[in-house]
Amino acid sequence: MFAKFMLATLAALTLSPMVQAAQYPWYEVEIYIFERQTQTNEHWPDSPLELKTTNALDLLTPQVASDITGVSMAMGDCGNNNWNTIGTSSGDNSATSPQPPCHGLESAKTLVMPKVMPVNVLPKDDQSANLQTAILEGADKARFGEMIAKLQRQAGVQPLLHITWRQEMKPRRQAQPLHLFAGQDFATRFQANGLPISEQPLNQSSFDGFNNLMSPEKSAAVWQFDGLLNIYLSHYLYVETRFNLRQPGRKSISIEGQPATVMPYLYSLPMEQNRRIRSTEIHYFDHPAMGMILQVRRIQQSDDAESQEPELQETEADQPQTPAADTSPATNSIPPQTR
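All of the points below concern the structure found in this document. (Residues numbered from 1 in each chain as written. Predicted model: local features only at pLDDT ≥ 70, side-chain atom pairs only at ≥ 80, totals over all residues. Heavy atoms only, no water.)

**Section: the overall build of the chain**
Line of reasoning, step 1. Assigned secondary structure in the chain consists of 6 helices and 12 strands.
Line of reasoning, step 2. The buried share of the chain, taken over its 339 residues, is 39%.
Line of reasoning, step 3. Once local pairs closer than 6 in sequence are excluded, the contacts in the chain between residues at least 24 apart make up 75%.
Line of reasoning, step 4. Working note: accessible area of the chain is about 19,500 Å², and carbon and sulfur atoms make up 53% of it. (Helix = DSSP H or I, 4+ residues; strand = E, 2+ residues; numbered from the N terminus. Buried < 20%, exposed > 50% of the residue type's maximum accessible area, 1.4 Å probe, protein only. Contact = heavy atoms within 4.5 Å. Areas by Shrake-Rupley, 256 points an atom, 1.4 Å probe, with all protein chains shown as cover.)

**What to know about the side chain of Asn230**
Line of reasoning, step 1. Turning to its location among the elements, Asn230 is positioned in strand E8 (residues 223-234).
Line of reasoning, step 2. Beyond its immediate stretch of four places on either side in the chain, Asn230 contacts Ala175, Gln176, Pro177, Tyr238, Val239 and Glu240.

**Section: the pairing of strand E12 (residues 290-298)**
Line of reasoning, step 1. Along E12, 8 of the 9 residues are buried, which leaves the element largely enclosed by surrounding structure.
Line of reasoning, step 2. As paired elements, strand E1 (residues 26-36) and E12 share 9 bridges and run antiparallel to each other. Paired with Phe34 across the strands is Gly291, a residue of E12.
Line of reasoning, step 3. With 5 bridges joining them, strand E11 (residues 282-286) and E12 adopt antiparallel strand pairing. When the sheet's bridge partners are listed, Phe285 is paired in E12 with Met292.
Line of reasoning, step 4. Connecting the antiparallel pair E11 and E12 is a turn made up of 3 residues. (Pairing = 2+ DSSP bridges.)

**Description of helix H5 (residues 145-152)**
Line of reasoning, step 1. Within H5, burial applies to Met147, Ile148 and Leu151. What you see down the axis of H5 is that its buried residues fit within an arc of 100°, all on one side. (Arc of directions from axis to C-beta.)

**Considerations on empty space enclosed by the protein**
One simple way to see leftover space: roll a probe sized like a water molecule over the atoms.
Line of reasoning, step 1. The tally for this structure, following the rule as stated, stands at 1 cavity of 30 Å³ or more.
Line of reasoning, step 2. Space inside the largest cavity adds up to approximately 140 Å³.
Line of reasoning, step 3. Along the walls of the largest cavity sit 14 residues, with Leu57, Thr133, Gln167, Glu168 and Gln176 positioned nearest its centre.
Line of reasoning, step 4. Among the elements of the structure, strand E6 (157-168) and E8 are those that each provide at least two residues to the lining of the largest cavity. (1 Å grid on protein atoms, 1.4 Å probe; cavity = no way out; pocket = protein on both sides within 12 Å on 5 of 7 lines; lining within 4 Å. Points joined across faces, edges and corners; volume = space filled by probe spheres on them.)

**What to know about the packing of aromatic side chains**
Line of reasoning, step 1. Applying the stated criterion across every chain, the model contains 7 aromatic pairs.
Line of reasoning, step 2. Look at Phe186 and Phe190: their rings are 6.2 Å apart centre to centre, the planes differ by 75°, and that puts the pair in the edge-to-face class. Note on accessibility: Phe186 and Phe190 belong to one class, buried.
Line of reasoning, step 3. Aromatic side chains Tyr265 and Tyr267 sit 5.0 Å apart centroid to centroid with 75° between the ring planes, which places their arrangement in the edge-to-face category.
Line of reasoning, step 4. What makes Tyr265 buried here is its relative accessible area of 5%.
Line of reasoning, step 5. By relative accessible area, Tyr267 is classed as partly exposed at 28%.
Line of reasoning, step 6. Among the aromatic residues, those joined into a cluster by ring pairs are Tyr32, Phe34 and Tyr284.
Line of reasoning, step 7. In this structure, Arg275 is placed above the aromatic ring of Phe285, and the distance from its NZ or CZ to the ring centre is 4.0 Å.
Line of reasoning, step 8. Over the ring of Tyr236 we find Arg276; its NZ or CZ atom is 4.5 Å from the centre of that ring. (Phe/Tyr/Trp six-rings, centres within 6.5 Å; stacked < 30°, edge-to-face > 60°. Lys NZ or Arg CZ within 6 Å of the ring centre and 35° of its normal.)

Everything listed here is a matter of coordinates, which is why it stays silent on function.
Below you can see the structure in the form of structure tokens.
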């Protein structure tokens, strides 16, 4: 009897995560992020918002990165960093003996990112678009076309990113943020902290073959727009933004006790909000220098899934907001034109 009880308990514990995962409802999300190129008197912090991307989902890189592993092979060194790469990974960590060129190529990839991100990021294929808990969708799922056209007629509006995807809507503790980045990569001109990169004399001896197409080292990307978007379901839908918008300019800086010098500087403008939203409504997240239009659309669940998750159903009755939520009102119209 005890053995049967233990087996039943073990089976329940084993199946529990599977059942719980099956209960998460799926939603479709569409966002349009843009920059407002207007003068502002706002004073911004010296440091950008810290972005912890370790647990974040990345729907963009698989669609825009190019695999140049074959070119690295032809040059005789699959592991060099001379290309504008975002990383080279290999399953062989041995360092006890020298390895021939392209050793472990089966598990290595060298990817190159564009210098400027496309505004509309669309899936290359079904496999690269599917991250299991989030799936990038094609242009046929987007609904913001008319609204974007009206918005772009306003002066000073620069589009940055427009994507549509489906995702499992989990509670906050289980939710994974989406890593978003857009615009141009400032890594050749600025460091992530905003300071300019010192100009170094070029090594003329390296100008042979493909080397004249490459830089000596590849630093991490410094995107014009870079941030985390977290959407989760806790009886209501919540949206958390942690965005950095970078703008080049000039700043008076004193280094190592020397007199202040006016030099190029990459300003970082933060946008950090937490707001409760309702599905199907179009929401506008405002900021003096940028904006985001967002809509979350519930995907029809099967009868079984619906019956298993009554506590997760959205109720549209007004309820007191949590203290952490942004009380900025939602809007179903396009953002007003700045003057």
